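Examining the three-dimensional arrangement
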Amino acid sequence: MASKCPNCGKEIKWYNLKADCSACGVSIPNFNWEARLEEDNKKAEEKFGKLYRTLNLLRYSVGGTKLRILRIAMSFIPIIGIILPWASLKGDNAELNFDLLGLFTDGKSTLDFFGILFKDLGGIIEALSAEGFGGPASFMLFGLVSVLLSIVILVIAFFLIFITFKKPKTKAMVITDILGILFMGAGIFFFSSVGSKIGAEPVSIAGLTFENASASAEWGIFVFIALAAVAFIGNLLVAKSAIKSEETLEEERLERVRIKEEKEEAARLRKEQERLEAEMLAEIEREEKVRKAKEALERKKNK
């Protein structure tokens, strides 16, 4: 592909390897290099400016105020609810507890139940279909799915703090917290309704059979929804708080840089002063040694 001489506009064929234009003799690679260098400097400054603005927003949006730092902790708190007991289904011969690790209850935990569930997912769906998706087993699983969806949404809300840092006033986390709380509320509804669905027949779910069954929502799910509300309040307060402009953030960054440079310069001057004083002391000591040596030599001559 042909190009043109930047000076005279003469077309330069692709096979012409000479650095100088054959028409005007200008050096094409070095033509107007000062202007090009200045342009490159401006582009570099613009890129650094964008980088600084991005870093300013990241620092400010995530932890630029005491409220935003507190919001991080408030948004992380709901993770505690994962290990709490959410619901239980008990019978004379079996016990199923929906708490993730089984730290607070006996019997089958949520992790145990997952292993059972995925082994025969098709059969479980058929069993739920047989009870019209309105029986105790259906409501128990609907409650579990609701809580799991709530956990996923709350985790997303936490990471949105970092993902949406360019929009300090965004309400994305508030919306996701609301959705998480709604799904948690749905889980409470389903778990609390299981008991009313149990009849005289044993309850079967995922290969487990519960005779004389009883079911209920456990205390942990209410604590869980309260912790989710704490995260919601934190994100709501941040969304309603005043924010600083990008210009103000850049001014503050430059002020921090200036203070840092002043401290570094003061430290350099202090070290230089200490070095000069050390050299002066060394010179004084050297002169003192010379003086004493001369005096000793003079005393020897006078003897």
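This write-up is about the structure you can find in this document. (Residues numbered from 1 in each chain as written. Predicted model: local features only at pLDDT ≥ 70, side-chain atom pairs only at ≥ 80, totals over all residues. Heavy atoms only, no water.)

Quick look at the sheet that holds strand 7 (residues 214-217)
In sheet architecture, strand pairing relies on hydrogen bonds along the backbone and comes in two forms, parallel and antiparallel. Here is the rule we go by: Two strands pair under a simple rule: DSSP has to find at least two bridges between them. Strands are runs of DSSP state E lasting at least two residues, helices are runs of H or I lasting at least four, and both sets are numbered from the N terminus onward. Fitted lines through C-alpha atoms serve as axes, helices being fitted only where they are in contact, and the angles separating the N-to-C directions of these axes extend from 0 to 180 degrees.
Spatially, three strands are ordered 4-3-7 in an open sheet, and the strand pairing comes out antiparallel. One side of each edge strand has no neighbouring strand; the edge strands of this open sheet are strand 4 (95-97) and strand 7. Averaged over all pairs of adjacent strands, the angle between their axes in this sheet comes to 5°, without regard to strand direction.

Quick look at the side chain of Thr164
Note the threshold: With a 1.4 Å probe rolled over the protein chains alone, any residue whose accessible area is under 20% of its type maximum counts as buried; one over 50% counts as exposed, and the rest are partly exposed. Between N or O atoms, a polar contact is any pair within 3.5 Å; within protein, one atom must be a potential hydrogen donor and the other a potential acceptor, and residues adjacent in sequence are included only when both atoms are from side chains. Contacts between residues were defined by any pair of non-hydrogen atoms, one from each residue, lying within 4.5 Å.
Tracing the sequence through the fold places Thr164 in the loop between helix 5 (136-163) and helix 6 (172-197). Using a relative accessible area of 18% as the deciding quantity, one classes Thr164 as buried. A distance of 2.5 Å separates a polar side-chain atom of Thr164 from the backbone oxygen of Leu160. If we skip the residues at most four places from it in the chain, Thr164 touches Thr170 and Met173.

Brief notes about the packing of helix 1 (residues 33-63) against helix 8 (residues 246-302)
Heads up, the condition is: By the definition adopted for this analysis, an angle is roughly parallel if under 35 degrees, roughly antiparallel if over 145, roughly perpendicular if from 65 to 115, and oblique otherwise. Residue polarity follows a fixed list, in which Ala, Val, Leu, Ile, Met, Phe, Trp, Tyr, Cys and Pro are nonpolar, Asp, Glu, Lys and Arg are charged, and the others, Gly among them, are polar.
In contact at an axis separation of 10 Å, helix 1 and helix 8 are set at 95° when each is read in the N-to-C sense. As summarised for this structure, helix 1 and helix 8 are arranged roughly perpendicular, according to the angle between their axes. Residues Tyr52, Arg53, Asn56, Leu57, Arg59 and Tyr60 of helix 1 form the contact with helix 8, whose own contacting residues are Glu246, Leu249, Glu250, Arg253 and Arg256. Split into classes, the residues belonging to the contact of helix 1 with helix 8 amount to four nonpolar, one polar and six charged.

A word on the packing of helix 5 against helix 7 (residues 219-240)
Note the threshold: For any helix crossing, the convention is left-handed if the near helix is rotated counterclockwise from the far helix by under a right angle, and right-handed if that rotation is clockwise.
At a closest axis distance of 12 Å, the pairing of helix 5 and helix 7 adopts a crossing angle of 25°. Between helix 5 and helix 7, the angle falls in the class roughly parallel. When the axes of helix 5 and helix 7 are compared, the crossing they make is left-handed. Together, Val147, Ile151, Leu154 and Ile161 of helix 5 and Ile221, Phe224, Ala228 and Asn235 of helix 7 make up the contact between the two elements. Looking at the contact of helix 5 with helix 7 residue by residue, the classes come out as seven nonpolar, one polar and no charged.

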